[in-house]
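Understanding the architecture of this molecule
For reference, the chains in residue letters:
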Amino acid sequence: MASLHLITMSKLWVLFVFCCFTLSMVEMVSSSSSKFDELFQPSWANDHFIYEGDDVLKMKLDYNSGAGFQSKSKYMFGKVTVQIKLVEGDSAGTVTAFYMSSDGPNHNEFDFEFLGNTTGEPYSVQTNLYVNGVGNREQRLNLWFDPTKDFHSYSVFWNPRQVIFLVDETPIRVHSNLEHKGIPFPKDQPMGVYSSIWNADDWATQGGRVKTDWSHAPFIASYKGFQINACECPATVAFVDNAKKCSSSNEKRYWWDEPTVGELSVHQSHQLIWVRANHMFYDYCTDTARFPVAPLECQHHRH
Ligand SMILES: *[C@@H]1O[C@H](CO)[C@@H](O)[C@H](O)[C@H]1NC(C)=O
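Just so it is clear, the structure is predicted and the values come from calculations on it, not from any experiment.

What counts, and where the lines are drawn
Residues numbered from 1 in each chain as written. Predicted model: local features only at pLDDT ≥ 70, side-chain atom pairs only at ≥ 80, totals over all residues. Heavy atoms only, no water. Helix = DSSP H or I, 4+ residues; strand = E, 2+ residues; numbered from the N terminus. Buried < 20%, exposed > 50% of the residue type's maximum accessible area, 1.4 Å probe, protein only. Contact = heavy atoms within 4.5 Å. Areas by Shrake-Rupley, 256 points an atom, 1.4 Å probe, with all protein chains shown as cover. Near = heavy atom within 4 Å. Polar contact = N/O pair within 3.5 Å; in protein donor to acceptor, adjacent residues only side chain to side chain. Nonpolar A, V, L, I, M, F, W, Y, C, P; charged D, E, K, R; others polar. UniProt positions renumbered as here; feature names shortened; annotations may be inferred.

**Let's talk about the overall build of the protein**
- From N to C terminus, the protein includes seven helices and 15 strands.
- Taken over 303 residues, the protein has a buried fraction of 50%.
- Long-range pairs, those at least 24 residues apart, make up 69% of the contacts in the protein with a sequence separation of at least 6.
- When the accessible area of the protein is evaluated, it comes to approximately 14,700 Å², of which 54% is carbon and sulfur surface.

**Brief notes about the site of the ligand**
- As a structural note, the neighbourhood of the ligand is formed by Leu 115, Gly 116, Asn 117, Glu 121, Pro 122, Ser 124, Ala 204, Thr 205 and Gln 206.
- Measuring from an oxygen atom of the ligand, one finds a side-chain N or O atom of Glu 121 at 2.6 Å.
- Between Ser 124 and the ligand, the recorded distance is 2.8 Å, taken from a side-chain N or O atom to a nitrogen atom.
- Against a free-state accessible area of 350 Å², the protein chains account for coverage of 71% of the ligand.
- Among the residues making up the shell around the ligand, the classes are represented as three nonpolar, five polar and one charged.

**Considering the UniProt feature "active site" (unreviewed entry) in the protein**
- This chain's UniProt record puts "active site" (unreviewed entry) on Glu 109 and Glu 113.
- For Glu 109, the position within the fold is in strand 7 (residues 109–115).
- Once residues lying within four places of it in the same chain are set aside, the contact partners of Glu 109 are Tyr 99, Met 100, Ser 101, Asn 128, Leu 129, Tyr 130 and Met 191.
- With relative accessibility at 14%, the residue Glu 113 sits in the buried group.
- Residues within four places of Glu 113 in sequence aside, it is in contact with Val 95, Thr 96, Ala 97, Ser 124, Val 125, Gln 126, Trp 198 and Trp 203.

What follows is the structure in structure tokens.
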């Protein structure tokens with residue numbers, strides 16, 4: 001008994017050491033948050049914005065309109081985080097999105113879409129990724145908390161090697177650069193940061209069966225803690241020059257290119273496995289009805 005106990009204790013100790021010393025840079029590098037209007041501006045329905053105090057912004061959806069905001073600048077690589085408190089109570093039919101996107105017909109896009117639900121039923125989070133204008137890479141999960149009760153942080157980490165979606169610093173999705181397998185990776189176009197709330201009751205909730213109940217409007221999403229720790233790309237500068245400016249070289253090394261950041265830590269890999277096993281309920285990679293032949297990156301991705 002005693003020796004068994006000892007083994008357990010030493011295992012625990014190893015686990016402890018692991019947890020404390022492998023916290024990766026993805027978690028550790030955090031810039032302080034900015035005020036909304038330092039980084040963003042309304043892009044849709046200015047009159048559906050409510051500013052509360054110094055740090056909370058609310059956007060409302062009613063029968064007349066949704067609302068949206070966008071970053072003033074475009075960026076390449078780095079990390080973007082915002083804290084969101086989603087629509088409380090009945091949010092069926094509504095979608096709140098937080099995403100990064102480039103412009104043009106062959107755009108790239110990294111999406112968080114929060115699909116509302118009837119009172120008491122869980123929100124779903126859909127992530128998607130467009131590369132050269134093509135999406136169809138949906139994953140869906142339920143969260144391990146109620147996202148309407150408190151603010152939680154949602155982040156996109158992006159470097160030339162991977163895109164990581166994080167919820168409260170827990171990775172929920174990793175999209176790796178597999179260019180060496182001939183698969184395109186989004187790393188040449190500066191991206192803006194966007195958020196919006198709108199009515200999507202044709203598809204959002206329980207496959208479109210549940211419609212928006214306008215008697216419960218306005219539907220309000222709240223935001224705070226805006227953080228962009230990325231390479232800024234002036235619109236006046238050509239793509240190629242921005243790409244060059246935002247790439248690490250011998251002279252300058254960006255934090256998101258540090259080797260410790262390039263891969264998930266052991267702890268984060270475990271978190272991702274846990275999320276996929278316990279919270280993910282749809283993955284395009286395993287949807288054989290939709291893709292009889294699995295998309296190329298699914299055949300190579302480790303996650
Ligand atoms: C809403 O709740 C139902 C029932 O719990 C669930 O099946 C569904 O995934 C939830 N999310 C959406 C967006 O419909």
